[in-house]
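# Architecture at a glance
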Amino acid sequence: MSAVVAEHEHDHEHDHHDHGPAKGILRWIITTNHKDIGTLYLLFALVMFFVGGAMAMVIRAELFEPGMQFVEPQFFNSMTTMHALVMVFGAVMPAFVGLANWMIPMMIGAPDMALPRMNNMSFWMLVAGVLLLASTLFMEGGAPASGWTLYPPLVLQTGKALPFAVFSVHLLGVSSIMGAINIIATIFNMRAPGMTLMKMPLFVWTWLITGFLLVAIMPVFAGAVTMLLTDRFFDTSFFDAAGGGDPVLYQHIFWFFGHPEVYVMILPTFGVASTIIPVFARKPLFGYSSMVYATAAIAFLSFIVWAHHMFTVGLPMAGELYFMYATMLIAIPTGVKVFNWTATMWKGSMTFETPMLFSIAFVVLFTMGGLTGLMMSVAPLDFQYHDTYFIVAHFHYTLVPASVFILMAAGYYWLPKWTGHMYDEKIGKLHFWLSAVSVNILFFPQHFLGLAGMPRRIPDYAVQFADWNMISSIGGFIFGASQLLFLYIVIHTIKGGTGEKVTDEVWEDAAKHGLEWTLPSPPPYHSFTTPPTIIPTEHI
Amino acid sequence: MATHNAYYIPHKATWPVIGTAGLMTMLAGFANYLNGSSIGPTMMVLGLTIFIVMLAGWFTLQAGESESGMYNTKVGISYRMGMMWFIFSEIMFFAVFFGTLYYTRNLSVSWLGGIGDGPGRSTHDILWPAFEAVWPTNGPGKVGGEFEPMGAWGVPFINTLILLSSGVTCTWAHHGLLAQNRQQLIKGLMATVGLGFLFVCLQAFEYHEAYSDMGLTLGSGIYGSTFFMLTGFHGFHVCVGAIILSVILFRSYKGHFKPENHFAFEAAAWYWHFVDVVWLGLFIFVYMM
């Protein structure tokens, strides 16, 4: 990246009709503005983060001690399923789409997203999809309780919730595809003159690649759940061996979607980290082009490793070997990235504001999640880890102190730009330290539990697992409660924050790192109505 | 008026949220219907109506904006990219069902029949040692009873010729548009739409025959499942494509398109060719092989 603006005129009054937002609540319903829609996505994701978080609290409360404490087993399983679906499709993905909406047009010098009306529709489709999903909680037979993977034959025993869950996936898929197409078209077609592909901020690059992933995989998930629907209601035999089908087929299709899907959540994470770390290390990003190629390599690999989620299902030996070696390859581009972030910080004039703290914690803790991933890629070892708390610990390390921490970092980093107000740094740091410590109390013991053989998705367990479960639960409660601080900070900052007037740059020399810092804080309703001039800087 | 230099950013869009409400009502209605609730069909009809009104309203709005010259070349590029990636997502959707056909036909049915060391192998050994792998099959449980597989050289072959010709007439119409030959454009489109709906009618006839004479239904094990899922979704896409082309035909009557500005025509044509290519895949892998 590294591009600066020589001169540009933003908030020029437009010559023709009224371009201001509609009045009142209607502004948010019919808006086509990328900032409004970005705000909607981010706030929706924040609400869903607490909804999914509440479900996690139910899970940890039930697991606090052995024996059945608070909820029925069926409801417990609904909680694990819904927690995952809400966090993945309601919180993390929409939060990154929100960041994309807010930041991409500002980062590439565009007036707005390429397809503004469709942008509005993709947000409301998301709401519709999540509403259908949430409605299943109140249905006869309960919400889906099969785990978020919705494996048949178990998921076909779901009560009245099944068709609602299936159609919810369809709506969420349509929403994601529309959002992804919009982002791809924006990046390819709306860049300011001089903003060449290899000058784009990495956040833009990672979202471009994520966009391709989404367009490729969401229809696959839609197809898979459509077959669940027809198997249940229209007599087909796709996943029924008696009719010549195969339940394992569903697992293949699901993970062909599911593996790239987890990268949909991690690639934009990489992008934000690559945006924040250079600013607070006061150095350009180390190895920009290798970051771009590593992202593309990870995205490509994500399509050819899916069956490592199915090592214990009885794959032919050739399959086990192929998927094992292919999976190990992912460590290479990922290692390049971790190396580059570290090298960016090396000998930098680092300062440790809240966004940087979250970013550094991300580099360290994501690497841990990556290393346990490498352990599980070894097929014979995976027979011990499979479906235990070890995998739960692994993917939570890659999602919570990685994706969620980076979303927090992004919040702290851009909130002053979005609102024009400064957040309270003291509370921000308190939020960071509470989160960083408690997230490890929460998830680290789950490695031990998994290695000792505690299966995932069960409401009760043998007494030898009691101690670590209690510690994990305590960590969970602290982590959950700490997030209320974030909620407070967001509201406080929107309402005026510390009262300190922030500059356009907000962070020292940030304008060297991205076009968004050349706009006023908060930016005008229409950012770049005339494209800015991009001047290459020396360190490209 | 004239062409604007600035990229056109629409404001205050009301159709998206209406369309979403329609789609959600329709799907919630369908789910209720599947669960045996009596309110289902009413909700479906209501939702579908809202959805169709949205489509008509939104496309009318877009066509009007396009005709008044509000879209510059760059807007056109965005639309083309949008359509391209939409078709790509559709290809991935069909890839799931082609993949399913490949997997069941070449892998899982063989394992069920005791060949190889895949996950279905023990199912063969324990549950159905007598089952032999053949295609077409309705599985060791003979799900759906006796059936006759669909041959390639009757109606499906005629349908192949129909769809291929419709691709030609569509391109002929496009040439007419570019040469500003209105007669050729309209005749070409009429032929394309006609051939499209003829395809759908013949497909319906084929389905009727399968259900009434051949014992071949959606419930005929994995053969019936893959056959009807693939051809059914394709048939649905032909229907949608033919409706889109009908709208394009209507707009051509009104004299809408110009050689340098006819994105809607192009998008419809791309979609039609996509549907055409999917059919070729179907004809080879579902009917012939």
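Calculation rules
- Residues numbered from 1 in each chain as written.
- Chains lettered and ligands numbered in written order.
- Predicted model: local features only at pLDDT ≥ 70, side-chain atom pairs only at ≥ 80, totals over all residues.
- Heavy atoms only, no water.
- Helix = DSSP H or I, 4+ residues; strand = E, 2+ residues; numbered from the N terminus.
- Buried < 20%, exposed > 50% of the residue type's maximum accessible area, 1.4 Å probe, protein only.
- Areas by Shrake-Rupley, 256 points an atom, 1.4 Å probe, with all protein chains shown as cover.
- Lys, Arg positive; Asp, Glu negative; His and termini not counted.
- Charge placed at Lys NZ, Arg CZ, Asp CG, Glu CD.
- Rg over C-alpha atoms; globule rule 2.2 N^0.38 Å.
- Contact = heavy atoms within 4.5 Å.
- 1 Å grid on protein atoms, 1.4 Å probe; cavity = no way out; pocket = protein on both sides within 12 Å on 5 of 7 lines; lining within 4 Å.
- Points joined across faces, edges and corners; volume = space filled by probe spheres on them.
- Salt bridge = Lys/Arg side-chain N within 4 Å of Asp/Glu carboxyl O.
- Domains from an automatic or database assignment.
- Buried area = accessible area lost by both parts, 1.4 Å probe.
- Polar contact = N/O pair within 3.5 Å; in protein donor to acceptor, adjacent residues only side chain to side chain.
- Nonpolar A, V, L, I, M, F, W, Y, C, P; charged D, E, K, R; others polar.
- Axes fitted to C-alpha atoms, helices over the stretch in contact; angles between N-to-C directions.
- Parallel < 35°, antiparallel > 145°, perpendicular 65-115°, else oblique.
- Left-handed = near helix turned anticlockwise from the far one by under 90°.
- Core = buried A, V, L, I, M, F, W, Y, C linked by side-chain atoms within 4.5 Å.
- Phe/Tyr/Trp six-rings, centres within 6.5 Å; stacked < 30°, edge-to-face > 60°.
- Lys NZ or Arg CZ within 6 Å of the ring centre and 35° of its normal.
- pLDDT = per-residue confidence, 0-100.
- Patch = residues over 30% accessible without salt bridge, like charges linked within 9 Å, V, L, I, M, F, W, Y side chains within 5 Å.
- Expected span 1.5 Å × (residues − 1).
- Bend = angle between axes of the 7 residues up to and from the residue.

### Details of the overall build of chain B
- Scanning chain B from N- to C-terminus turns up 8 helices and 0 strands.
- When the helices and strands of chain B are listed from N to C terminus, the series reads α-α-α-α-α-α-α-α.
- Buried positions account for 51% of the 289 residues belonging to chain B.
- Put simply, chain B shows about 13100 Å² of open surface, and 70% of that area lies on carbon and sulfur atoms.
- Seen as two clouds, the 11 positive and the 14 negative side-chain charges of chain B have centres 17 Å apart.

### Regarding the overall build of chain A
- A count of helical and extended segments in chain A gives 15 helices and 2 strands.
- Its C-alpha atoms give chain A a radius of gyration of 23 Å, within 12% of the compact-globule value 24 Å for 540 residues.
- Considering only C-alpha atoms, chain A reaches an extent of 70 × 50 × 45 Å along its principal axes.
- Scored against the burial criterion, the 540 residues of chain A give a buried share of 65%.
- The long-range fraction of contacts in chain A, counting pairs at least 24 apart against all pairs at least 6 apart in sequence, stands at 82%.

### Structural notes on empty space enclosed by the protein
Residue and element names in this part refer to chain A.
- Using the criterion set out here, one finds 6 cavities of 30 Å³ or more in the structure.
- Taken together, 14 residues line the largest cavity, and the ones lying closest to its centre are Met93, Val97, Leu126, Ser175 and Ser176.
- If you list the elements that add at least two residues to the lining of the largest cavity, you get helix H3 (73-108), helix H5 (161-189) and helix H6 (202-233).
- Per-element tally for the lining of the largest cavity: the top contributor is H5, with 6 residues.

### Some details on the pattern of salt bridges
- Taken as a whole and judged by the stated rule, the model has 11 salt bridges over all chains.
- We note a salt bridge from lysine 160 of chain A to glutamate 140 of chain A, for which the minimum N-O separation is 3.8 Å. Residue lysine 160 of chain A is found in the loop between helix H4 (116-135) and H5, and its partner glutamate 140 of chain A is found in the loop between H4 and H5; the two are separated by 20 residues along the sequence.
- The exposure class of glutamate 140 of chain A is exposed, given its relative accessible area of 59%.
- Two residues, aspartate 509 of chain A and lysine 512 of chain A, come together in a salt bridge whose shortest N-O distance is 3.8 Å.
- Members of the salt-bridge network, linked through shared partners, are Glu67, Arg251 and Lys258 of chain B.

### With respect to the side chain of lysine 337 of chain A
Residue and element names in this part refer to chain A.
- Within the secondary structure layout, lysine 337 lies in helix H10 (residues 331-345).
- Of the side chains bearing the opposite charge, glutamate 516 lies closest to the buried lysine 337, which forms no salt bridge; the N-O distance is 17 Å.
- Among all residues touching lysine 337, those that are not within four sequence positions of it are Phe270, Met291, Ala294, Thr295 and Ile298.

### Focus on the domain arrangement of chain B
Residue and element names in this part refer to chain B.
- The assigned domain composition of chain B is domain 1 (1-71) and domain 2 (73-288).
- For domain 1 versus domain 2, the separation of C-alpha centres amounts to 25 Å.
- With 7 residues of domain 1 at the interface, the matching set in domain 2 holds 9 residues.
- With both chains or domains summed, domain 1 and domain 2 bury close to 730 Å², and 51% of this area falls on carbon and sulfur atoms.
- On the surface where domain 1 and domain 2 come into contact, there are 2 salt bridges.
- One salt bridge connects arginine 251 with glutamate 67, and the closest N-O pair in it is separated by 3.7 Å.
- Counting across the interface, domain 1 meets domain 2 through 2 residue pairs in polar contact (both at pLDDT 80 or more).
- Looking at the side of domain 1 that touches domain 2 residue by residue, the classes come out as 4 nonpolar, 2 polar and 1 charged.

### A closer look at the environment of valine 97 of chain A
All names here are of chain A.
- Positionally, valine 97 belongs in helix H3.
- Through-space distance from the C-alpha of valine 97 to that of alanine 45 is 9.6 Å; in sequence the pair is 52 residues apart.
- Contacts of valine 97, omitting those with residues within four sequence positions, involve Tyr41 and Trp207.

### Points about the interface of chain A and chain B
- Across the contact, 72 residues belong to chain A and 68 residues belong to chain B.
- Surface buried jointly by chain A and chain B totals about 5600 Å² across both partners, of which 75% is contributed by carbon and sulfur atoms.
- Linking chain A to chain B there are 1 salt bridge.
- For arginine 117 of chain A, the salt bridge goes to glutamate 65 of chain B, with nearest N and O atoms at 2.6 Å.
- Taken together, the links from chain A to chain B amount to 12 residue pairs in polar contact (both at pLDDT 80 or more).
- When contributions to the side of chain A that touches chain B are tallied by element, the ones reaching two or more residues are H4, H5, H6 and helix H7 (247-281) of chain A.
- For the side of chain A that touches chain B, the leading source of residues is H6 of chain A, giving 13 residues.
- For the side of chain A that touches chain B, the class distribution of residues is 48 nonpolar, 17 polar and 7 charged.

### Remarks on the packing of H4 of chain A against helix H2 (residues 40-67) of chain B
- It is the contact of H4 of chain A with H2 of chain B, at a shortest axis distance of 13 Å, that shows an interaxial angle of 160 degrees. By the angle between their axes, H4 of chain A is roughly antiparallel relative to H2 of chain B. When the axes of H4 of chain A and H2 of chain B are compared, the crossing they make is right-handed. Contact with H4 of chain A, carried on its side by Arg117, Met118 and Met121 of chain A, involves Met54, Trp58, Leu61, Gln62 and Glu65 of chain B of H2 of chain B and no other residues of that element.
- For the contact of H4 of chain A with H2 of chain B, the class distribution of residues is 5 nonpolar, 1 polar and 2 charged.

### Concerning unusual backbone geometry
- Put simply, proline 152 of chain A and proline 153 of chain A share a cis peptide bond, and its omega is 0 degrees.
- By the element assignment, proline 153 of chain A lies in the loop between H4 and H5.
- Along the chain, tryptophan 135 of chain B connects to proline 136 of chain B via a cis peptide bond; the corresponding omega equals 0 degrees.
- Along the chain, proline 136 of chain B falls in the loop between helix H4 (121-126) and helix H5 (155-178).
- Phi at aspartate 235 of chain A takes a positive value of approximately 65 degrees, unusual for a residue other than glycine.

### A few points about the nonpolar core
- The biggest cluster of nonpolar side chains holds 270 residues, and the ones touching the most others in it are Phe89, Leu99, Trp341, Trp414 and Trp507 of chain A.
- It is H3 of chain A that provides the largest number of residues to this core, a total of 23 residues.
- Shared between two domains, this core takes at least three residues from each, and those domains are domain 1 (1-71) and domain 2 (73-288) of chain B.
- Beyond its immediate stretch of four places on either side in the chain, tryptophan 507 of chain A contacts Val279, Phe280, Glu353, Pro355, Tyr412, Tyr413, Pro416, Met422, Tyr423 and Trp517 of chain A.

### Here we look at the packing of aromatic side chains
- On inspection of all chains with the given rule, the structure shows 78 aromatic pairs over all chains.
- For the ring pair phenylalanine 227 of chain B and phenylalanine 228 of chain B, a centre distance of 5.0 Å and an interplane angle of 90 degrees mean the geometry is edge-to-face.
- Residue classification places phenylalanine 227 of chain B among the buried residues on the basis of a relative accessible area of 1%.
- Of the residues examined, phenylalanine 228 of chain B reaches a relative accessible area of 7% and is grouped as buried.
- A cation sits over an aromatic face here: arginine 27 of chain A above tryptophan 28 of chain A, 4.6 Å from the ring centre.

### Quick notes on the confidence of the model for chain A
- Looking at chain A, the pLDDT average stands at 93 and 95% of residues meet or exceed 70.
- Confidence drops under pLDDT 50 across residues 1-17 of chain A; counting only partners more than four residues distant or on other chains, this segment forms 47 contacts.

### So, a nonpolar patch on the surface
- The grouping of Leu430, Trp433, Leu434, Val437, Ile441, Phe444, Phe448, Trp468, Met470, Ile471, Ile474 and Ile478 of chain A at the surface amounts to a nonpolar patch, some 990 Å² of accessible area in total.
- Looking at the nonpolar patch, the elements with two or more residues in it are helix H14 (425-451) and helix H15 (466-494) of chain A.

### Topic: H3 of chain A
Residues and elements named next belong to chain A.
- The end-to-end C-alpha separation of H3 is 50 Å, in line with the 52 Å expected for 36 residues at 1.5 Å each.
- The largest bend along H3 measures about 35 degrees and falls at methionine 87.
- In terms of residue burial, H3 counts as a mostly covered element, since 32 of its 36 residues are buried.

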